[in-house]
Amino acid sequence: MNKKKIINDPVYGFINIPSEIVFDLISHPYFQRLRYIKQLGMTHLVYPGALHTRFHHALGAMHLMGLAIEVLKSKGHAISKEEEEAATIAILLHDIGHGPFSHALEHSLVNGVKHEDISMLIMEKLNEEFDGRLTAAIRIFKGNYHKKFLAQLVSGQLDLDRMDYLNRDSFFTGVSEGVISFDRIIKMFNVLDDNLVIEEKGIYSIENFLIARRLMYWQVYLHKTVVSGEQVLVKILKRAKELSANGETLFATPALQHFLKNDVSESDFFSSEIHLQHFSMLDDQDIFASIKVWRESPDRILSELCKMLTNRNLYKVEISNDPPDENRLAMLKQNAAELLKLNEEEVSYFVFTDIIRNRAYNAGNSNINILLKNNSTIDIAKASDLSNLESLDKTVQKHILCYPRII
């Protein structure tokens, strides 16, 4: 069978599948599942074009890894064929542990189980299946391979994961503020003392990259309607889980039913294979098919929440720097309780507060270092003449208040 395939990608044009093992990994059911998981969860509620998948994104990141390795090799850095393949596999599989609507899922069905840890577990399973051929890729993914810069290409402040998702998400949402000069940044890659650095003439492209990331967070990923949609989904799954725990049998696919019926902790997930088996069958379709059926649930709370999501009649969301006023919160709860005939516990599904966070650059975590002409390096936040770049290193925390539009 010919495994030298070409994929037509709307962002980069033609992408080559570089080797047989990469073709086999892409063909594996674990990876094919990513076709049915949207990259941006609820973002299509605001930007109708945001329907691209995690499958698209993983292939795009793999393509960028090929470009980055070619650039580094052309600058005299030794990267063997085996290391190139290992780095390609590591970036290809970096998101394989994502579930449907991943961030909502992490807050409800698989409580506290991080998608990065599930990715690692799946990679180890695949390594067994592929007779140990993923060992070097796993070491790069974990960050304990002896060539540190390879791990930084997979996971760091300027990794190829971020580079692809900013590029791809701005393309599909149509938000031009997220457009970055990915090709120029990659051409500016270099290695010094085993660390990934950016040549000095690439400094303005990096500034643009960091600012684009910040703007994409507030304009796309943390847009208040996107936040509202995710919060409705979190509450739906919480209510469904609560009803299941009380002995009710809700309509659900076997994979979703497993997580509704069982309270799966982090230690449970990694100690028993059954949880991964069910998780690897979950995608967006399991969640949304259930939500459509639950609209007719005899449970008023579940029914109402599901109708809110499917009809796009979402929470009103207020975002502020300070916590919402306690008196106003109490008044909103009282109004909701009277209007919707809810008790004190039920009203928490409709009126509540939460916190959202954004940090565009984390200088303490694998800095973006600029390589100066004298062969020394300086952190981008210090090298830049943009005064607001250092402020990107701070975590911005905002409070959200959610309540039904009818009150």
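Structure shown above.
All of these numbers come straight from a predicted model, not from anything done at the bench.

A.B. asks: Would you explain the side chain of Thr53 in this entry?
C.D. replies: Along the chain, the position of Thr53 falls in the loop between α2 (29–32) and α3 (54–74). The class of Thr53 is buried, set by a relative accessible area of 11%. Ignoring anything within four residues of it in the chain, the contact list for Thr53 reads Leu34, Arg35, Ile37, Lys38 and Gln39.

A.B. asks: Explanation requested: the sheet that holds strand β4 (residues 195–199) in the structure shown.
C.D. replies: Backbone-to-backbone hydrogen bonds pair the strands of a sheet. The strands run either parallel or antiparallel. In space, the 4 strands of this open sheet follow the order β3-β4-β7-β8, with mixed pairing throughout. In the strand order of this sheet, the two ends are held by β3 (189–192) and β8 (377–379), each with one partner. Shown here is a sheet whose adjacent strand axes are inclined to one another by a mean of 45°, direction ignored. Here β3 pairs with β4 via 4 bridges, running antiparallel. Pairing of Asn190 across the sheet is with Val197, part of β4.

A.B. asks: What is the right way to look at the sheet that holds strand β6 (residues 352–358) in this model?
C.D. replies: The 3 strands lie next to each other as β5-β9-β6, forming an open sheet whose pairing is antiparallel. The open sheet is flanked by β5 (316–320) and β6, the only strands paired with a single partner. The average angle at which neighbouring strand axes cross in this sheet is 30°, direction not considered. Bridge count between β6 and strand β9 (residues 396–403): 7 bridges; the pairing is antiparallel. Note on β9: the bridge partner recorded for Asp354 is Ile400. Contacts from helix α18 (residues 326–340) reach β5, β6 and β9, with the element oriented near 30° to β9.

A.B. asks: Explain helix α9 (residues 160–173) to me, please; I cannot follow it from the model alone.
C.D. replies: Note: α-helices contain 3.6 residues per turn, so residues at a spacing of three or four share the same orientation. In a regular helix each residue adds 1.5 Å, so 14 residues correspond to 20 Å; α9 covers 20 Å between its end C-alpha atoms and thus fits that length. Of all 14 residues that make up α9, 12 are buried, and the element is covered over most of its length. Within the span of α9, buried status applies to Leu160, Asp161, Arg162, Met163, Asp164, Tyr165, Leu166, Asn167, Arg168, Asp169, Ser170 and Thr173. Gly174 lies just past α9 and shows a positive phi near 80°.

The rules behind each value
- Residues numbered from 1 in each chain as written.
- Predicted model: local features only at pLDDT ≥ 70, side-chain atom pairs only at ≥ 80, totals over all residues.
- Heavy atoms only, no water.
- Helix = DSSP H or I, 4+ residues; strand = E, 2+ residues; numbered from the N terminus.
- Buried < 20%, exposed > 50% of the residue type's maximum accessible area, 1.4 Å probe, protein only.
- Contact = heavy atoms within 4.5 Å.
- Pairing = 2+ DSSP bridges.
- Axes fitted to C-alpha atoms, helices over the stretch in contact; angles between N-to-C directions.
- Expected span 1.5 Å × (residues − 1).

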